[in-house]
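The lines below spell out each chain.
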Amino acid sequence: MALDHEVAREHDRAGDQVSTATVIGYTVAAVILFGWFLYGWLVLRQGFIDSVGEAAGTGFALLLFISVVGTVRRSRR
């Protein structure tokens, strides 16, 4: 199987462009998820593993939502 170098270069250029708003959005989401973990662990006293699982589940649900929204936005173009 041969690699088309032009396609690879275009893919690399497109992958390098991450907007500042995206980085800020993911940073805010990470801080909120960490706060959710601390709230469950320290305030609700539900246990470390339960708090990690709840925060991870919330993070995966958020990533799924972002993926669906991105797919819908791309299909409209």
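The structure this text deals with has already been given above.
What you see is a predicted model, and the numbers here were worked out from it, not measured in a lab. The residue count restarts for each chain, going from 1 along the sequence in the order it is written. Predicted model: local features are reported for residues with pLDDT of at least 70 only, side-chain atom pairs are reported and counted for 80 or more only, and whole-chain, interface and lining totals are derived from all residues. With hydrogens and water stripped out, all remaining heavy atoms of the structure feed into the side-chain values.

So, the overall build of the protein chain
And step 1. Segments assigned H or I by DSSP are reported as helices when at least four residues long, segments assigned E as strands when at least two residues long, and all are numbered from the N terminus. A count of helical and extended segments in the protein chain gives three helices and zero strands.
And step 2. When the elements of the protein chain are put in sequence order from the N terminus, they spell out α-α-α.
And step 3. Only protein chains enter the area calculation, which uses a 1.4 Å probe; residues under 20% of their type maximum are buried, those over 50% are exposed, and those in between are partly exposed. In the protein chain, which comprises 77 residues, the proportion classed as buried is 8%.
And step 4. Accessible surface area values rest on a Shrake-Rupley calculation with a 1.4 Å probe, where residue burial reflects the displayed protein chains alone. Put simply, the protein chain shows about 6700 Å² of open surface, and 66% of that area lies on carbon and sulfur atoms.

As for the side chain of Ser51
And step 1. In this structure, Ser51 sits in helix H3 (residues 48-75).
And step 2. Its relative accessible area of 1% is what places Ser51 among the buried residues.
And step 3. A distance of 3.4 Å separates polar atoms of two side chains, one belonging to Ser51 and the other to Gln46. Distance and chemistry together define a polar contact, namely a pair of N or O atoms within 3.5 Å, with one atom able to donate a hydrogen and the other to accept it when in protein, and with adjacent residues in sequence counting only for side-chain atoms on both sides.

Here's the deal with the packing of aromatic side chains
Aromatic ring pairs are defined here through the distance separating the ring centres and the angle between the ring planes.
And step 1. Any two rings among Phe, Tyr and Trp, with Trp reduced to its six-membered ring, count as a pair given centres within 6.5 Å; such a pair is stacked if its planes are under 30 degrees apart, edge-to-face if over 60, and tilted if neither. Applying the stated criterion to the full structure yields five aromatic pairs.
And step 2. With centroids separated by 6.0 Å and ring planes inclined at 35°, the aromatic side chains of Phe34 and Phe37 adopt a geometry described as tilted. Here Phe34 pairs with Phe37, and both are found in helix H2 (residues 20-43), just three residues apart, close to one helical turn.
And step 3. Ring centres of Trp41 and Phe48 lie 5.3 Å apart, and the angle between their planes is 75°; this geometry places the pair in the edge-to-face category.
And step 4. Residue Phe48 is classed as partly exposed on the basis of its relative accessible area of 43%.
And step 5. Aromatic rings pair up to connect Phe34, Phe37, Trp41 and Phe48 into one cluster.

Overview of the environment of Ile49
And step 1. Along the chain, Ile49 turns up in helix H3.
And step 2. Here Ile49 falls in the exposed class, since its relative accessible area comes to 65%.
And step 3. Counting along the chain gives twelve residues from Ile49 to Phe37, while the straight-line C-alpha distance between them is 9.9 Å.

Some remarks on H3
The periodicity of an α-helix, 3.6 residues per turn, causes residues three or four places apart in sequence to face the same way.
And step 1. The span you would expect from a helix comes to 1.5 Å times its residue count less one. Here H3 spans 41 Å end to end across 28 residues, near enough to the 40 Å set by a 1.5 Å rise per residue.
And step 2. Ser51, Ala55 and Gly59 are the residues of H3 that are buried.
And step 3. Packing partners of the buried residues in H3 comprise H2. Contact criterion: two residues are considered in contact whenever any of their non-hydrogen atoms come within 4.5 Å of each other.

Geometric values such as these leave the question of function open.
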